[in-house]
Structures are given as structure tokens and as C-alpha cells.
Amino acid sequence: IKSGVTLIVVTHDTSFVLNICTRAMWLHEGKARYLGLASDCVREYLAAMAAISGNNTNNTSSALLAPPETLPDTESLDLRACETLGDGNIYVERVWVLNYNNDATVLFNSGDWICVCILIKARATAVAVSAGCELRDRHGQVVFATGLRVVRRLIDKIEKNHSKLIKIKFKADLAPTQYTLDVGCGAGDAAFNIWHRVKSAAVIEINTLPQDEVIHGFVRLPTQIEVFST
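Every chain is numbered on its own, with residues counted from 1 as its sequence reads. Under the rules for a predicted model, residues below a pLDDT of 70 receive no local features and side-chain atom pairs below 80 are neither given nor counted, while totals for whole chains, interfaces and linings still include all residues. Values shown for side chains rest on all heavy atoms present in the structure; no hydrogens or waters enter the calculation.

### A look at the overall build of the protein
By the criteria applied, helices consist of DSSP H or I runs no shorter than four residues and strands consist of E runs no shorter than two, each listed in order from the N terminus. When its secondary structure is counted, the protein shows three helices and 12 strands. If one aligns the C-alpha atoms of the protein with their principal axes, the spans along those axes are about 60 × 55 × 45 Å. Each residue's exposure class comes from its accessible area (1.4 Å probe, protein chains only) as a fraction of the maximum for that residue type: buried when under 20%, exposed when over 50%, partly exposed otherwise. For the protein, the proportion of its 230 residues judged to be buried stands at 39%. Residue pairs at least 24 apart in sequence account for 69% of intrachain contacts in the protein once pairs closer than 6 positions are excluded. Reported accessibility uses the Shrake-Rupley method at a 1.4 Å probe radius. Residues are deemed covered only where the shown protein chains occlude them. For the protein, the accessible surface area stands at approximately 14300 Å², while carbon and sulfur atoms represent 52% of it. Of the charged side chains in the protein, 23 are positive and 24 negative; the average position of the first set lies 6 Å away from that of the second. Contacts were defined at the residue level, with two residues in contact if any of their heavy atoms lie within 4.5 Å. Note on charges: Lys and Arg go in the positive column, Asp and Glu in the negative column, and His and the chain ends are not counted at all. Lysine's charge is taken at NZ, arginine's at CZ, aspartate's at CG and glutamate's at CD.

As C-alpha cells, this is what we get:
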């Protein structure tokens, strides 16, 4: 590649595509479904795969009876300069990143709880609605991802011009460094799906305190270590 030779690789390894390739083509049933930047191709592929994964939804009554919630009383992220993907028929309208005091911040200590609030809105009536977020390292690898589809709690329906607020909380047992936050939403099934993704909505910085246990690698997992005499 450095000598100017073009290298063509056929693979299902999306991590390889993200780390090595500059452009990518996604072939689906013998037809080109996407051609463009490798990172955009992978994100569109993963979004489409999520839309057809077949997870169960909430029943209608539980979705319609979701408790009302006021929007966070603090500054939301500025998404105007962020790159977006998708058709936007359902879209991320606002995003907040909050700490345990409900203050807007992107600075956390390892082990802190992070709350990502995503306000999504439908330009057309949307069914089987999901929303979620991803943390990526500086290489673009997904370190952590979660959302309504992961926990199998899709929203049955959002009527046209209506909104839903999704709060996602997770414990940042992560190595101290910077991570980019992607957020997105989607609706529908394999035959028809609409979606929207905001790339690098925020850069979240994780630090450690002097008394904290050192984290080697990306995450701190529950661990048991025993020593025996023989």
C-alpha cells in the first residue's frame, strides 16, 4: 500500500475494514448496497444488521404508558458540526451527557456512572424503534455499545412529529484515555427500516484517581484471584 499498490480484500471482519481500509463496498445478495469511506460503510452495515436482528418489542400498552419525563435542565451537546448517517426519517434531536449529579460534563473518573440522554423524534410514524450509543477508542474500535435493541426493549411506535427520551446509564470501568461517543436511532425491520446516526457526538475523557486500581487493557472486569500453598 505504501508503495502505491492497490490492495483489494474480501472479508466479513469489520474491525479489519475499519483499521486497514480507506474505502469499502458492501455487497448484499450480489448487489452493491454501499460504496464509500470504510468507516461509513461499516457503520451503515452494522445499522442495517441491527435493524433485522429480530429482537422482541415491548407490548403496546407498556410503550404507550411510558412515564412522562422532563428534559434535562442543563446544556445539551452541540451536534451541528457532527457527521451524520442515515435517512433521518427518525432522528436524534438532542443529546446530553450527565454525571451522577445530573451535571453536563464529558470528564469522568474510572468507575463513575455516565448517563447518556437521547431525545429522538419521528418525521413519519415509526414502529419497532431503537436507540443507543457506542464508545469507540482512537482506532475506531467499539469498546462498549448498548441500547434498546441490546436489552430487547424496542418501542412499539412513535407517531409522526412525536418524541421519546431514552436514558442510558453505564458504569465507566474503563482505562484512562479518551473515547468518542456515537449515538443513533432506528426503526422498522428487514423489509423497511429508517435510521439516523450521529458520529463523534462527544469526546469523553476517563481519568483515574491516585488510589484507584490500575487498569491494564480497556476495561476492568469482575475478577477473583486466589493464592494457594502446595
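### What about the pairing of strand E11 (residues 178-188)?
Most of E11 sits out of view: nine of its 11 residues are buried. Pairing of strand E7 (residues 126-136) with E11 involves eight bridges; the strand directions are antiparallel. Looking across to E11, one finds that Glu-134 is bridged to Asp-182. Two strands pair under a simple rule: DSSP has to find at least two bridges between them. Relative to strand E12 (residues 193-207), E11 runs antiparallel, the two being bridged by 10 bridges. Its bridge partner being in E12, Gly-188 is matched across the sheet by Asn-193.

### Section: the pattern of salt bridges
Any Lys or Arg side-chain nitrogen found within 4 Å of a carboxyl oxygen on Asp or Glu counts as a salt bridge. For the structure shown, the criterion picks out six salt bridges. Its salt-bridge partner being Glu-134, residue Arg-136 comes within 2.8 Å of it at the nearest N-O pair. Considered together, Arg-136 and Glu-134 belong to a single accessibility category, that of buried residues. When salt bridges that share partners are traced, they join Glu-134, Arg-136, Asp-182 and Arg-197 into one network.

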